[in-house]
Amino acid sequence: MTHSRRDILKGIGTITAGAAAIVATTAAEAANPRQGGDPDRRWGMVVDVRKCIGCQACTISCIMENKVPENSYRTIVATYEVKDGDRVGTYVLPRLCNHCSNPPCVPVCPVGATFQQKDGAVVVDGDRCVGCAYCVQACPYDARFINHETNTADKCTFCAHRLAAGLLPACVETCVGGARTFGDLNDPNSTARKLLDAAKGEAKVLKPEQGTAPNVFYIGLDDRFQGRVEGHQTLWQPSKTHG
Ligand code: SF4
Ligand code: SF4
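Quantities reported herein were computed from a predicted structural model and do not represent experimental measurements.

### With respect to the overall build of the protein chain
Here is step 1: Along the backbone of the protein chain there are seven helices and nine strands.
Here is step 2: When burial is assessed residue by residue, the protein chain has 52% of its 243 residues classed as buried.
Here is step 3: Taking the intrachain contacts of the protein chain between residues at least 6 apart in sequence as the baseline, contacts between residues at least 24 apart amount to 66%.
Here is step 4: In the form shown here, the protein chain has an accessible surface area of approximately 11,300 Å², with 51% of it arising from carbon and sulfur atoms.

### A closer look at helix α7 (residues 191-199)
Here is step 1: Buried within α7 we find Ala192, Arg193, Leu196 and Ala199. Summarising the axial view, the buried residues of α7 lie within an arc of 125°, below the 170-degree limit, and thus occupy one face. Residues of α7 that are exposed and angled more than 90 degrees away from the buried face: Thr191 and Ala198.
Here is step 2: Looking at the buried side of α7, the elements it contacts are β1 (43-48), β8 (180-184) and β9 (216-219).
Here is step 3: Of the residues flanking the end of α7, it is Lys200, one or two places downstream, whose phi is positive at about 50°.

### As for the pairing of β9
Here is step 1: Neither face of β9 is open: one carries Val216 and Tyr218, the other Phe217 and Ile219, and all of them are buried.
Here is step 2: In this sheet, β9 lies alongside β1 in parallel orientation, the contact comprising four bridges. Opposite Val47, over in β9, you have Tyr218 as the bridge partner.

Conventions and cut-offs
Residues numbered from 1 in each chain as written. Chains lettered and ligands numbered in written order. Predicted model: local features only at pLDDT ≥ 70, side-chain atom pairs only at ≥ 80, totals over all residues. Heavy atoms only, no water. Helix = DSSP H or I, 4+ residues; strand = E, 2+ residues; numbered from the N terminus. Buried < 20%, exposed > 50% of the residue type's maximum accessible area, 1.4 Å probe, protein only. Contact = heavy atoms within 4.5 Å. Areas by Shrake-Rupley, 256 points an atom, 1.4 Å probe, with all protein chains shown as cover. Arc of directions from axis to C-beta. Pairing = 2+ DSSP bridges.

What follows is the structure in structure tokens.
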């Protein structure tokens, strides 16, 4: 690990966050039909930020599992401070690709290299990708990057290779605080689905105003600090639905 990577891991980040209704079928989906994956599943993640201790075990395990190159991240835990009068809060927010149901990264790809699977995961076909970075620019979450070793777009895949082997994503498997829960949101008996249902609308998604309909949900975000991070007008908003 380089010095710069260590700095980032312990450094302070800023976030924008919010809530959005989930859109089952979108114009983007109609124009870019889903390919592969199990159509009966809908993969998603629920992150309980109250359980995240900011240890970055998830970040490190992702780097190792997916051979993420230096100075790039498929997931990271942003740490930020917010002032509310005399009160100063320090918060952590695990971040990754949201595997949006309405992903702006998909329609901009000129060669169809980035697409949604039928299980909802948004993936990149490295053999087709020409490295133009249109998708990187289109993602409102800064969740993509161009891998400087492969010269193709790179991002979280929900550890598709591990899912195929019946395993959990590496970040979920290694989460020290048990903050990350992954599962099939179509399955009423999955832990992820149960967590969302139990949250009764308190689960939130990042940047709801973008209309991306993320499949990564957050529980325990503090509404008191909405919009208070310098340089960002929107942190998060109360959910209208919880997926
Ligand atoms: Fe695409 Fe970004 Fe949404 Fe991931 S978070 S699906 S990269 S728009
Ligand atoms: Fe498509 Fe690759 Fe260009 Fe992204 S970088 S838009 S995946 S060709």
